[in-house]
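Spelled out from the first residue to the last, the chains are:
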Amino acid sequence: MGLPNRRCPDCGDTDQDFRPLDAAEKAYALAAALVPRAGLGTCRRCAREGCVRVQSYFDWRSGFDLPDSFRSTDC
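Residues numbered from 1 in each chain as written. Predicted model: local features only at pLDDT ≥ 70, side-chain atom pairs only at ≥ 80, totals over all residues. Heavy atoms only, no water.

## Observations concerning the side chain of Q55
Relative to the assigned elements, Q55 resides in strand β4 (residues 53-56). The buried category is assigned to Q55, whose relative accessible area is 1%. At 3.0 Å, the side chain of Q55 forms a polar contact with the side chain of R53. Among residues more than four places away in sequence, those in contact with Q55 are R6, R7, C8, P9, F18, T42, C43, R44, W60, S62 and G63. (Helix = DSSP H or I, 4+ residues; strand = E, 2+ residues; numbered from the N terminus. Buried < 20%, exposed > 50% of the residue type's maximum accessible area, 1.4 Å probe, protein only. Polar contact = N/O pair within 3.5 Å; in protein donor to acceptor, adjacent residues only side chain to side chain. Contact = heavy atoms within 4.5 Å.)

As structure tokens, then:
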């Protein structure tokens with residue numbers, strides 16, 4: 001079973017794979033008060049190279065972008 005595939009508004013409203021947040025991403029979301037602690041488990045990050053979109057597993061409209069420091073530098 002692969003990653004969940006959801007609509008990503010940052011990737012041209014195309015369907016992308018989404019993965020659970022890592023520890024640094026969770027810490028940022030909590031510190032910036034972007035997500036309540038209880039809702040953190042439903043957040044997923046777009047797995048597309050260079051995308052920083054985080055959104056609810058259940059609602060693609062409910063989300064935010066991580067700062068550029070979270071972008072992959074492998075490009």
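Next comes the rest of the description.
## Points about the sheet that holds β4
What the five strands build is an open sheet, ordered β1-β2-β3-β4-β5; its pairing is antiparallel. In this open sheet, the two strands that pair with only one neighbour each are β1 (5-8) and β5 (63-65). Between one strand axis and the next, the sheet turns by 40° as a mean value, whatever way the strands run. As paired strands, β4 and β5 are joined by three bridges and run antiparallel to one another. Note on β5: the bridge partner recorded for V54 is F64. (Pairing = 2+ DSSP bridges. Axes fitted to C-alpha atoms, helices over the stretch in contact; angles between N-to-C directions.)

## Here's the deal with unusual backbone geometry
With glycine set apart, most residues show a phi of negative sign, and most peptide bonds adopt trans. The backbone phi angle of D13 is positive, close to 55°, even though this residue is not glycine. Residue placement: D13 occurs in the loop between β1 and β2 (14-20). Non-glycine residue A33 carries a positive phi angle of around 55°. Among the structural elements, A33 can be located in the loop between α1 (23-31) and β3 (43-46). What makes A33 exposed here is its relative accessible area of 65%.

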